[in-house]
Amino acid sequence: MKRIFSHILNLIYPNLCEICGRRLAPGEEVMCLHCSYGLPHTKAHESSFNVVHERLAGTTPVDRGAGWFYYYRESPYAAMIHRGKYNGHPELLRALARKYARELDRDGFFEGIDVILGVPLHPLKLMMRGYNQTDYIAKGIRDVTGIRIGRNLKAARFRKTQTRKGVFSRWLNSKGDYVAKNPGELAGKHVLVIDDVLTTGATLLTCCNAIHQAAPSARISVLALAVTKLS
């Protein structure tokens, strides 16, 4: 009955491709096959040292790094992230995370990972936005892998957007932003830290540093849906 109801609902309110607006065929999710092929993949996870590691080079070692596609500001693919993050459609990010997680799972990226930690929002920013986009990305990954979602990262202070800041300014502005709670839960675990977009790496690096300081025996890997191209 559930499948029949879903089919009838799709006839009335058809699922459309987020990129081109075409009707999605059975088995397609978020994007049609044609637009999926056009996604500017980074294929970062296929290399043991990639663009994610380069952005996060610092005092905290990062085991695995993954970023699905390159983020170009005017791209319709980037617009999907923006709609999910700012325009009240976080379930779109969950669906995107499911698609990427299936790709990574086939390549064994999640093997041995114990817990997913999303970049947290300060309570005031969470109240203003209504949701934390990384919660939905984490749920999308969990849908595919079954890996549990943790709540060990906390935003220690409110920070305005860093969209127009440079690399060094972002790093300075992020220092001390996040702390790791209940470090005993992370000791000896393999932690996957996730975010929607990896730009300079300042935010994710600060989160990784907080985890490493609180639980030095934890292994840390990083995943972002998109990676910006820095000029």
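Q: For the overall build of the protein, give the residues involved together with the corresponding values.
A: Of the regular secondary structure elements, the protein holds nine helices and seven strands. For the protein, contacts bridging at least 24 residues in sequence account for 73% of all contacts bridging at least 6. Here the protein has roughly 12100 Å² of accessible surface; of this, 53% comes from carbon and sulfur atoms.

Q: Talk me through the nonpolar core; I want residue IDs and the actual numbers.
A: Counting residues in hydrophobic clusters, the biggest one holds 38 residues, and the most contacted among them are Met31, Leu96, Phe110, Ile141, Leu192, Leu223 and Leu225. With eight residues, the top contributor of residues to this core is helix 5 (residues 90–106). Beyond its immediate sequence surroundings of up to four residues, Leu192 is in contact with Phe109, Phe110, Ile113, Val115, Ile116, Leu117, Ile141, Ser221, Val222 and Leu223. In this structure, Val52, Leu117, Ala155 and Cys208 belong to the second largest nonpolar core, which totals 26 residues.

Q: Give a detailed account of a nonpolar patch on the surface, specifying residues and quantitative values.
A: On the surface, a nonpolar cluster with roughly 350 Å² of combined accessible area is contributed by Leu124, Met127 and Met128. With respect to the helices and strands, Leu124 occurs in helix 6 (residues 123–129).

Q: Residue-level account of the sheet that holds strand 1 (residues 65–71), with values.
A: Taken in spatial order, the five strands line up as 1-7-6-2-3 in an open sheet, and their pairing is parallel. This sheet does not close on itself; its edge strands, each paired only once, are strand 1 and strand 3 (148–149). The pairing of strand 2 (residues 115–118) with strand 3 spans two bridges and is parallel. When the sheet's bridge partners are listed, Val115 is paired in strand 3 with Arg148. Contacts between helix 4 (residues 76–86) and the sheet are confined to strand 1, strand 6 (190–198) and strand 7 (219–228), with strand 1 contributing the most and set at about 110 degrees to the helix.

Q: Lay out the pairing of strand 7 in plain terms, naming residues and giving numbers.
A: Where burial is concerned, most of strand 7 is hidden: nine out of the ten residues are buried. One ladder, built from six bridges, connects strand 1 with strand 7; its direction is parallel. What sits directly across from Ala66, in strand 7, is Leu223. Taking the sense of rotation as the criterion, the β-α-β connection linking strand 6, helix 9 (residues 202–214) and strand 7 turns out right-handed.

About the thresholds
- Residues numbered from 1 in each chain as written.
- Predicted model: local features only at pLDDT ≥ 70, side-chain atom pairs only at ≥ 80, totals over all residues.
- Heavy atoms only, no water.
- Helix = DSSP H or I, 4+ residues; strand = E, 2+ residues; numbered from the N terminus.
- Contact = heavy atoms within 4.5 Å.
- Areas by Shrake-Rupley, 256 points an atom, 1.4 Å probe, with all protein chains shown as cover.
- Core = buried A, V, L, I, M, F, W, Y, C linked by side-chain atoms within 4.5 Å.
- Buried < 20%, exposed > 50% of the residue type's maximum accessible area, 1.4 Å probe, protein only.
- Patch = residues over 30% accessible without salt bridge, like charges linked within 9 Å, V, L, I, M, F, W, Y side chains within 5 Å.
- Salt bridge = Lys/Arg side-chain N within 4 Å of Asp/Glu carboxyl O.
- Pairing = 2+ DSSP bridges.
- Axes fitted to C-alpha atoms, helices over the stretch in contact; angles between N-to-C directions.
- Right-handed = clockwise from strand over helix to strand, strands pointing away.

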